[in-house]
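# Topology and contacts: notes
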There are 2 protein chains.
Amino acid sequence: MKTIKEGEVRRREILVAARELFVTKGYDQTSVNDILKIVDIAKGTFYYYFSSKEEVLEAIILDIVEEGARRAENVLKDTSIPLVNRIMIAIMSQAPEFEGSNEIKEEIHKVENTKLERLYLRAMLKRMTPVLENPVLEGIDRDIFHMEYPTECIESILLMGHMMFDCDVFEWKMEDYPRKIQAFLCNAERMLGTKEGELNVFLNMFGQNQ
Amino acid sequence: MKTIKEGEVRRREILVAARELFVTKGYDQTSVNDILKIVDIAKGTFYYYFSSKEEVLEAIILDIVEEGARRAENVLKDTSIPLVNRIMIAIMSQAPEFEGSNEIKEEIHKVENTKLERLYLRAMLKRMTPVLENPVLEGIDRDIFHMEYPTECIESILLMGHMMFDCDVFEWKMEDYPRKIQAFLCNAERMLGTKEGELNVFLNMFGQNQ
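What counts, and at which threshold
- Residues numbered from 1 in each chain as written.
- Chains lettered and ligands numbered in written order.
- Predicted model: local features only at pLDDT ≥ 70, side-chain atom pairs only at ≥ 80, totals over all residues.
- Heavy atoms only, no water.
- Axes fitted to C-alpha atoms, helices over the stretch in contact; angles between N-to-C directions.
- Helix = DSSP H or I, 4+ residues; strand = E, 2+ residues; numbered from the N terminus.
- Parallel < 35°, antiparallel > 145°, perpendicular 65-115°, else oblique.
- Left-handed = near helix turned anticlockwise from the far one by under 90°.
- Contact = heavy atoms within 4.5 Å.
- Buried area = accessible area lost by both parts, 1.4 Å probe.
- Salt bridge = Lys/Arg side-chain N within 4 Å of Asp/Glu carboxyl O.
- Polar contact = N/O pair within 3.5 Å; in protein donor to acceptor, adjacent residues only side chain to side chain.
- Expected span 1.5 Å × (residues − 1).
- Buried < 20%, exposed > 50% of the residue type's maximum accessible area, 1.4 Å probe, protein only.
- Least-squares fit on C-alpha atoms with pLDDT ≥ 70 in both.

Residue and element names in this part refer to chain A. Relative to each other, helix H4 (residues 53-77) and helix H5 (residues 83-94) sit at 160°, their axes nearing to 8 Å. Relative to H5, the element H4 lies roughly antiparallel. Regarding H4 and H5, the two cross each other, and that crossing is right-handed. Here H4 contributes Gly-68, Ala-69, Arg-71, Ala-72, Val-75 and Leu-76 to the contact with H5, which in turn contributes Arg-86, Ile-87, Ile-89, Ala-90, Ser-93 and Gln-94.

Structural data, given as C-alpha cells:
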C-alpha cells in the first residue's frame, strides 16, 4: 500500500513521467491518463498539483531553464578555463538542445505554442542574467571587458542569441548561418568592449550546433 | 444595386471596417457579424476573403508593418535631417504606437496572442532591414559608421529594440527605463561603430514614448 507522499516528491514524479512521455510519444499524443498510469495516481491527485497538461508542460519548461542555468553555473566554477571562454561556454551550455530536450524544444517552438516560448525566454533571461554578472564584472576588473552597462550587455547577448539561433526569428537559411554567427560574435565583442576577434574561437562550437 | 467590386477593394473594405471595430469595441467583443453589417456584405463574401476573424487580424498586423515601413521610408527621404538622426527617427517612427494603433497593439501583446506578436516581429524584421540598409551603407561610406556586418547590425538593433521596448520581454519597471534606453543606445553605437555618445540626442525622444 502506498503511503502519502510529500507534495513536492509527488509533483516531481508527475513532471518526470510527463517529460518522458512528451519526449517519447509527443506532447499532443500524450493524455493526462497516460501520465496517471505511469505515476500510478488518481485523476484527482493529478489535478491537485496541475490544472492541465499544459500547466505540466509549463513547469517542465521552467525545469529546463533551471537545468540550463545550473550547467552554466558549473562551467563558470571551473576557473581552469580562461574567463572569456568560460563565459561563452556557459552561455552555450545553457541552451536546452545540449540535454536531449529536442522534442520539448520542438513543442515550445510550434506556432501555436509561442506563449510557451515567451515563458521560456522570460524565465531564462531572469535566471541567467545574474549568473553571468559576476564573471563579466571580473572581466571588467581584469581589463578584458570595457563597458558601462554590464547587466544590459548580458541581457542583450542572451536575448539576441536566443532569438536568432534558438528561436529562428529571422528564418535564415542553412547557408546563412556561418556569416550570422560571425556577425553575432562580432556584435557581442563590441558590446563587451573586448578585443576584436577575441570570440572567434567559438565559431566552430556554435557551428556544430546548427 | 451593388456592382461586383474588385477583389482587392472588397478585401480592403473588410480590413478597414474590422480594424475600426477592433480598436473601438475590442477584438474579443467584435464578431464577424459586426464586420458584415458595416461593410454590408453576406457571410459568404467575408469567408471568400478570410477564413476567420483571426485571419483578418493577421492581415491588419501585416498592414501595420507596411504602414510603419512607409513612415520610416518617408523619414529616410528627408535628406535635410543629418544621417544618424534620420536613421534613428526612421526606426522610431516605424513602431506602431506612433499611429494610434494601441488597441491592436494590446491585442498583439496578450499572452494568448504571442503567435500574432511573432507574426508582427518576423514581418517587421523582413520589411525594415532592407529599408535601413542604404542609409547605413551611406554612413559607412561617409566614415560615420564602421562595421563589417551592416545587415546583421540592423537586424540586431531592430530585434533588440522591439523585444525590449515594444514587447516588454524583460518586464522592466518604469524606473528602469532611462538606464535601459541609455544602455540600448550605447550598445547600438558600439555595433554601428560610431562615436560614443553619438546617439545620446535620442534619449529624450525614446523617453517620451514610455
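What follows covers the interface of chain A and chain B. Each partner contributes to the interface: chain A provides 40 residues, whereas chain B provides 40 residues. Across the interface of chain A and chain B, roughly 3500 Å² is buried in total on both sides, 55% from carbon and sulfur atoms. Put simply, chain A and chain B have 10 salt bridges between them. Between Lys-180 of chain B and Glu-152 of chain A there is a salt bridge; the shortest N-O distance is 2.9 Å. The interface formed by chain A and chain B holds 17 residue pairs in polar contact (both at pLDDT 80 or more) in total. Residue assignment for the side of chain A that touches chain B shows that the elements contributing at least two residues are helix H7 (114-141), helix H8 (150-166) and helix H9 (177-192) of chain A. In terms of residue count, H8 of chain A provides more of the side of chain A that touches chain B than any other element does, 10 residues in total.

Take H5 of chain A next. Residues and elements named next belong to chain A. Here H5 contains 12 residues, and its C-alpha end-to-end distance of 17 Å stays within 8% of the 16 Å for a straight helix at 1.5 Å per residue. Among the 12 residues of H5, 10 are classified as buried, and the element is accordingly described as predominantly covered. Regarding H5, the residues found buried are Leu-83, Val-84, Arg-86, Ile-87, Met-88, Ala-90, Ile-91, Met-92, Ser-93 and Gln-94.

Another aspect to go through is the relation of the copies chain A and chain B. Aligned on chain B, chain A shows an RMSD of 0.0 Å; the corresponding rotation is 180° and the shift along the axis is 0.0 Å. Seen this way, the second copy is the image of the first under a two-fold rotation axis. Comparing interface residues between copies, 100% of those in chain A also lie at the interface in chain B; the contact surface is shared.

The subject of this paragraph is helix H2 (residues 32-39) of chain A. Residue and element names in this part refer to chain A. Listing the buried residues of H2 in full gives Val-32, Asp-34, Ile-35, Leu-36 and Val-39. Residues of H2 that are buried sit in contact with helix H1 (7-24), helix H3 (43-49) and H4. Positioned one or two residues after H2, Asp-40 has a phi angle of 60°, which is positive.

Another aspect to go through is the pattern of salt bridges. Applying the stated criterion across every chain yields a total of 30 salt bridges over all chains. Across the salt bridge formed by Arg-12 of chain B and Glu-8 of chain B, the nearest N and O atoms sit 3.5 Å from each other. Pair noted here: Arg-12 of chain B and Glu-8 of chain B are both in helix H1 (residues 7-24), with a separation of 4 residues, about one helical turn. Arg-12 of chain B gets classed as partly exposed once you look at its relative accessible area, which sits at 33%. Since its relative accessible area comes to 44%, Glu-8 of chain B is described here as partly exposed. Between Asp-63 of chain B and Arg-12 of chain B there is a salt bridge; the shortest N-O distance is 3.0 Å. Pair noted here: Asp-63 of chain B is in helix H4 (residues 53-77) and Arg-12 of chain B is in helix H1, with a separation of 51 residues, a long-range link. Overall, the relative accessible area of 16% leaves Asp-63 of chain B in the buried class. Through salt bridges that share partners, Glu-66, Arg-70, Glu-73 and Arg-127 of chain A make up one connected network.

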